[in-house]
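Each chain, letter by letter, is given below.
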Amino acid sequence: RKEVEQDPGPFNVPEGATVAFNCTYSNSASQSFFWYRQDCRKEPKLLMSVYSSGNEDGRFTAQLNRASQYISLLIRDSKLSDSATYLCVVNIKQAGTALIFGKGTTLSVSS
Amino acid sequence: GAGVSQSPSNKVTEKGKDVELRCDPISGHTALYWYRQSLGQGLEFLIYFQGNSAPDKSGLPSDRFSAERTGGSVSTLTIQRTQQEDSAVYLCASSLGISVGQGRGYTFGSGTRLTVV
């Protein structure tokens, strides 16, 4: 089983739609969770951290379910500029461990 | 510097040649990471450096790959006797420290696109 799994998509949605991405992780000792965004031929950039209580940043909402080892990202009122690949990222609760990246879910928002 | 700087941005090399990729992290960032991303694939961890500690080399795919970090700042990733399967984007990232990176994420450079022909 891969450490971080995501549906690769692509998700094709119209502007204004609400879209949700899911991610599962295999190691129950995982401690920190993030969503990164990667535009085509660009480097990944941190979108938001994911907290146990859930957190929101504008149109973006992240949720964590530790019992199910499941992370989600909800994007409301999609914009054309949201088109990108969204990477689910976790870190294992061990000192000095690098972050583990999922392969990403591709979103395409059309007008 | 203001961001993580990588050079060259693109590199085309012949199979069997050695290449060196450079990363200049954000000033003051003690943790530096190398990942690679093959076409259509996720980020694959290669190696990381934290201060003066021994680097974690657990992700290096073969002994043709090595990296060093001089003076706790600039890092060089060297690939010897390159093979076609080494073609990928090599991404460098940094964070204030490994614990901070684990808690707040990393800042990535724009990468070096390596093509082995």
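Note that the structure is predicted; figures quoted are calculated from it, not measured. (Residues numbered from 1 in each chain as written. Chains lettered and ligands numbered in written order. Predicted model: local features only at pLDDT ≥ 70, side-chain atom pairs only at ≥ 80, totals over all residues. Heavy atoms only, no water.)

Draft legend 1. Inspection of the interface of chain B and chain A at higher detail. Across the boundary between the two partners, chain B contributes 21 residues, which contact 21 residues of chain A. Surface buried jointly by chain B and chain A totals about 1500 Å² across both partners, of which 51% is contributed by carbon and sulfur atoms. Inspection of the region where chain B meets chain A yields zero salt bridges. If you look at where chain B meets chain A, you find five residue pairs in polar contact (both at pLDDT 80 or more). Only strand 4 (31-37), strand 5 (43-50) and helix 1 (98-104) of chain B provide two or more residues apiece to the side of chain B that touches chain A. Sort the elements by how many residues they give to the side of chain B that touches chain A and helix 1 of chain B lands first, with five residues. Residue composition of the side of chain B that touches chain A, grouped by class: nine nonpolar, nine polar and three charged. (Contact = heavy atoms within 4.5 Å. Buried area = accessible area lost by both parts, 1.4 Å probe. Salt bridge = Lys/Arg side-chain N within 4 Å of Asp/Glu carboxyl O. Polar contact = N/O pair within 3.5 Å; in protein donor to acceptor, adjacent residues only side chain to side chain. Helix = DSSP H or I, 4+ residues; strand = E, 2+ residues; numbered from the N terminus. Nonpolar A, V, L, I, M, F, W, Y, C, P; charged D, E, K, R; others polar.)

Draft legend 2. Spatial organisation of the nonpolar core. Judged by nonpolar contacts, the single largest core of 25 residues is most densely connected at Phe21, Trp35, Ile71, Leu73, Ile75, Tyr86 and Leu107 of chain A. With five residues, strand 9 (residues 84-92) of chain A is the largest single contributor of residues to this core. Ignoring any residue separated from it by four or fewer positions in sequence, one finds Ile75 of chain A in contact with Ala17, Thr18, Val19, Phe21, Arg59, Phe60, Asp82, Tyr86 and Leu107 of chain A. Residues Cys23, Ile26, Leu46 and Leu114 of chain B belong to the second largest nonpolar core, which totals 20 residues. (Core = buried A, V, L, I, M, F, W, Y, C linked by side-chain atoms within 4.5 Å. Buried < 20%, exposed > 50% of the residue type's maximum accessible area, 1.4 Å probe, protein only.)

Draft legend 3. Main features of the sheet that holds strand 1 (residues 4-6) of chain A. Residue and element names in this part refer to chain A. The strand order 1-3-8-7-6 describes an open sheet built from five strands, whose pairing is antiparallel. Only two strands of the sheet have a single neighbouring strand rather than two, namely strand 1 and strand 6 (55-57). Across this sheet, the average inter-strand angle for adjacent strands is 20°, counted without regard to direction. In this structure, strand 3 (residues 19-25) lies alongside strand 8 (residues 70-75), joined through six bridges in antiparallel fashion. Paired with Ala20 across the bridge in strand 8 is Leu74. (Pairing = 2+ DSSP bridges. Axes fitted to C-alpha atoms, helices over the stretch in contact; angles between N-to-C directions.)

Draft legend 4. Region of interest: the environment of Arg104 of chain B. With respect to the helices and strands, the residue Arg104 of chain B is situated in helix 1. A relative accessible area of 58% places Arg104 of chain B in the exposed class. Once you skip the residues sitting within four places of it in the chain, Arg104 of chain B turns out to touch Phe34 and Leu46 of chain A.

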